[in-house]
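Notes for the structure review
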Amino acid sequence: MKRVVVGLSGGVDSSVAAYLLKEQGYEVIGLFMKNWHDDSVTISNECPWLEDSNDALLVAEKLGIPFQTVDLSEQYKEKIVDYMFNEYEKGRTPNPDVLCNREIKFDVFMKIAMSLGADYVATGHYCRKGTIENDGKEVYQLLAGKDGNKDQSYFLCQLSQEQLSKALFPIGELTKPEVREIASKLDLITAEKKDSQGLCFIGKVRLPEFLQQKLQPKEGVIIEIPVEAEIYHQEKPQFNSEEEAFAFEARRIDYLKVPGKVMGKHQGAHYFTKGQRKGLNVGGTKEPLFIIETDVEKNIVYTGQGNQHPGLFKKALFIANGEVHWIREDLALKDGEKMEVMARIRYRQPLQKATLHQFKDGMYVVFENPQSAITEGQFVAWHLNDEILGSGVIA
């Protein structure tokens with residue numbers, strides 16, 4: 001009998017995942033991961049992890065499976081939290097959920113599961129795993145979940161063949177309403193529980209407040225760059241190669257020398273991210289202001305009016321070689337090769353037509369249509385049909 005360790009989070013998805021595995025004849029063990037207990041930065045008094053671990057325990061009891069809690073807060077702090085603050089300080093915007101899956105759930109947690117003699121680790125993600133044969137070798141595929149509305153394959157875009165080989169996603173074939181229905185029929189305490197929002201560890205904390213407790217405020221100016229700024233209307237230079245042309249499309253515009261208008265003050269450029277609209281507290285413009293660029297060195301936030309401002313859009317992005325990750329290693333591009341794909345630069349963004357171009361130092365993702373708010377530090381993931389082939393960190 002194969003043994004599976006399920007990450008029971010205290011939510012409805014992982015509860016039903018555990019039930020389905022049991023039905024399929026696996027020996028199931030429930031493990032709750034405690035990732036966070038630094039009370040100095042939890043803002044609300046509700047301590048969600050206590051409630052969640054309690055719910056997970058009740059589910060395990062109901063299903064008749066062994067249950068224990070593992071404390072991963074040390075590893076979590078080191079691999080996720082510290083990394084996040086470093087990224088924000090550099091003016092980049094990390095994605096903790098993608099990292100949490102790569103570094104915690106399918107690494108630290110997986111090792112614990114294997115030490116308990118598990119054959120597999122299962123989670124309540126809305127995605128599916130496929131297996132194909134290639135040169136007599138099994139190759140694993142990461143596929144979108146059946147529920148197009150809830151597909152979470154993006155969050156797993158950094159997994160490796162090794163991690164996928166030991167992963168199971170029991171609810172990938174179901175939709176959210178079907179999952180809730182199963183939980184209600186079983187009378188599980190998590191059946192009606194709301195989906196958790198926000199960071200996978202800080203409970204009910206909003207990100208800016210969390211950051212403000214660790215990154216020192218530093219007053220700077222908010223500048224508005226007009227739509228008619230010359231920089232958006234210059235003729236493109238002549239390029240000697242495709243690579244040069246893509247580099248031009250993906251470049252960061254330096255607004256220091258662009259005439260703009262001071263609109264107000266902010267408390268630190270590192271609290272803000274490209275495409276953001278809320279939290280600027282600047283009124284009096286005809287259309288709302290969107291952040292088009294932040295300069296953490298000079299501590300300036302650049303904005304533009306309206307969500308169609310040219311400063312928001314780019315046609316290409318770059319991924320340095322060390323950050324290019326192929327789930328399907330057999331399809332990885334070599335220097336000079338290209339591939340047509342569908343790609344997304346954030347969770348839930350509809351897939352966009354794009355071409356990958358691999359060069360010596362890294363890869364350009366060139367979109368058919370310009371994309372709004374391509375954000376450094378975030379992940380771009382690329383697909384063929386409903387399979388994710390790989391991903392990378394936007395440089």
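Predicted model, so just to flag it, every value in this text is computed and none were measured. (Residues numbered from 1 in each chain as written. Predicted model: local features only at pLDDT ≥ 70, side-chain atom pairs only at ≥ 80, totals over all residues. Heavy atoms only, no water.)

1. Here we look at the pattern of salt bridges
Overall, the coordinates contain 24 salt bridges when judged by the stated rule. One continuous salt-bridge network, built from bridges that share partners, spans Lys79, Arg102, Glu103, Asp107 and Lys111. (Salt bridge = Lys/Arg side-chain N within 4 Å of Asp/Glu carboxyl O.)

2. What about the packing of aromatic side chains?
A complete count under the given rule lists 12 aromatic pairs for this structure. One aromatic cluster is present, formed by Phe246, Phe318, Phe359 and Tyr364 through successive ring pairs. Here Arg251 stacks its cationic end above the ring of Phe248, 3.9 Å away from the centre of that ring. (Phe/Tyr/Trp six-rings, centres within 6.5 Å; stacked < 30°, edge-to-face > 60°. Lys NZ or Arg CZ within 6 Å of the ring centre and 35° of its normal.)

3. Some points on the nonpolar core
The biggest cluster of nonpolar side chains holds 52 residues, and the ones touching the most others in it are Ile104, Phe109, Leu142 and Phe169. Mapped onto this core, the elements with two or more residues apiece are strand S2 (27-34), helix H3 (73-89), helix H4 (96-115), strand S6 (137-144), helix H7 (207-212), strand S10 (289-295), strand S17 (379-384) and strand S18 (387-393). A per-element tally of this core places H4 first, with 9 residues. Aside from chain neighbours lying at most four places away, what touches Ile104 is Met33, Asn35, Leu72, Gln75, Tyr76, Ile80, Leu99, Phe109 and Met110. (Core = buried A, V, L, I, M, F, W, Y, C linked by side-chain atoms within 4.5 Å. Buried < 20%, exposed > 50% of the residue type's maximum accessible area, 1.4 Å probe, protein only. Helix = DSSP H or I, 4+ residues; strand = E, 2+ residues; numbered from the N terminus. Contact = heavy atoms within 4.5 Å.)

4. Focus on helix H1 (residues 12-23)
Given a rise of 1.5 Å per residue, 12 residues ought to cover 16 Å, and the 17 Å separating the end C-alpha atoms of H1 matches this to within 8%. Most of H1 sits out of view: 10 of its 12 residues are buried. Listing the buried residues of H1 in full gives Val12, Asp13, Ser14, Ser15, Val16, Ala17, Ala18, Tyr19, Leu20 and Leu21. Downstream of H1 by one or two residues, Gly25 has phi in the positive range, about 90°. (Expected span 1.5 Å × (residues − 1).)

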